[in-house]
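Below are the chains, spelled out letter by letter.
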Amino acid sequence: MKKILVPTDFSEQAKNALLVANQIAHKSGCEIILMTVIDPPKSFQPTIGQNDDENIEQKYVQYLIENAEGRMRKLVSDIEFANTDRRTKVVLGNIYKCISETVVKEQIDLVVMGTQGSSGLDEILIGSNTEKIVRTATCPVLTVRGHSDGFQGNNIVFATSLKEEQLLSINKLQAFQEVFDAHIHLLYVITPSVFATTREIEALKNNFVEKAQLKNYTFHTYSEANEESGILHFAEDFGADMIAVATHQRKGWRHFFSGSIAENIVNHAKQPVLAFSIK
């Protein structure tokens, strides 16, 4: 990892994400890019010329930029960045689009975002920018819920189907594993709707581990009513520091009807959740 992007709205959740990103950067030696996005009025158009002083919207947006820059300076001064390179960005536009464009333009290796979590209708009807980034980002996304300044990446639960399509995700996770010298708990959740014999699971596991060249790991099976509950309960039972999941990044109606285990885990997990795209 060379670059970590941390979007902030100066909330407590965003600060928690920055604290975790700082610890990752300190371990890996990568750069932190702290970015805030100002969504200007839809009617706003930047103007150049003699009428700038008379443009109320221009003055208002300029005030927002200067205010954000001041809050950025304070936020950076409040965090102890031990041997960590960092820079700040204040940009205008839609927060989701700005984050997505920055990931590509800056060749970001990891996005770290705060999330408040949600339940019930809020998840379906409202969603969040964090969910959108998890659903579409071209790089891994680590979501942080709650206060995590003592974050340790020593024990990572990787929820897997043991299918070869997840090999790319496990390879990305191994880079994270190396940074923290972490132990990976490879988790296969057995549900009533999907049954496999012990021998079938063992064969899938051996093939997956061999092709991934996985080291420093333990394989677990866990029986639950559904995959989401199995992942969350296992992580709680084993005191995981982090949960890692691979996502197909479904969009549109397919996403609405099928849902996403990754997004459900992001919304409900107490631990930070690292999401990888299978694509």
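Residues numbered from 1 in each chain as written. Predicted model: local features only at pLDDT ≥ 70, side-chain atom pairs only at ≥ 80, totals over all residues. Heavy atoms only, no water.

Enquirer: Outline the overall build of the protein chain, supporting the account with residue identities and numerical values.
Expert: Per the secondary structure count, the protein chain includes ten helices and ten strands. Long-range pairs, those at least 24 residues apart, make up 80% of the contacts in the protein chain between residues at least 6 apart in sequence. (Helix = DSSP H or I, 4+ residues; strand = E, 2+ residues; numbered from the N terminus. Contact = heavy atoms within 4.5 Å.)

Enquirer: Any chance you could break down the environment of Asn16 for me, citing the residues and the numbers?
Expert: Following the sequence through the fold, Asn16 ends up in helix H1 (residues 12-28). Considering only alpha carbons, one finds Asn16 and Met113, 97 residues apart in sequence, at a separation of 8.6 Å.

Enquirer: Run through the packing of H1 against helix H6 (residues 167-180), naming residues and quoting values.
Expert: Remark: H1 packs on H6, axes separated minimally by 9 Å, with the N-to-C direction vectors making an angle of 80°. As summarised for this structure, H1 and H6 are arranged roughly perpendicular, according to the angle between their axes. Contacts between H1 and H6 involve Ile24, Lys27 and Ser28 from the former and Phe176, Val179 and Phe180 from the latter. Class assignment of the residues belonging to the contact of H1 with H6 gives a composition of four nonpolar, one polar and one charged. (Axes fitted to C-alpha atoms, helices over the stretch in contact; angles between N-to-C directions. Parallel < 35°, antiparallel > 145°, perpendicular 65-115°, else oblique. Nonpolar A, V, L, I, M, F, W, Y, C, P; charged D, E, K, R; others polar.)

Enquirer: So what's going on with H1? Which residues, and what values?
Expert: Between its first and last C-alpha, H1 extends 24 Å over 17 residues, near the 24 Å set by a 1.5 Å rise per residue. Those residues of H1 that sit buried are Ala14, Asn16, Ala17, Leu18, Leu19, Val20, Ala21, Asn22, Gln23, Ile24 and Ala25. Among the structural elements, strand E1 (3-7), strand E2 (31-38), helix H2 (56-78), strand E4 (110-114), strand E5 (141-144) and H6 are those in contact with the buried residues of H1. Just beyond H1, the residue with positive phi is Gly29, at close to 80°. (Expected span 1.5 Å × (residues − 1). Buried < 20%, exposed > 50% of the residue type's maximum accessible area, 1.4 Å probe, protein only.)

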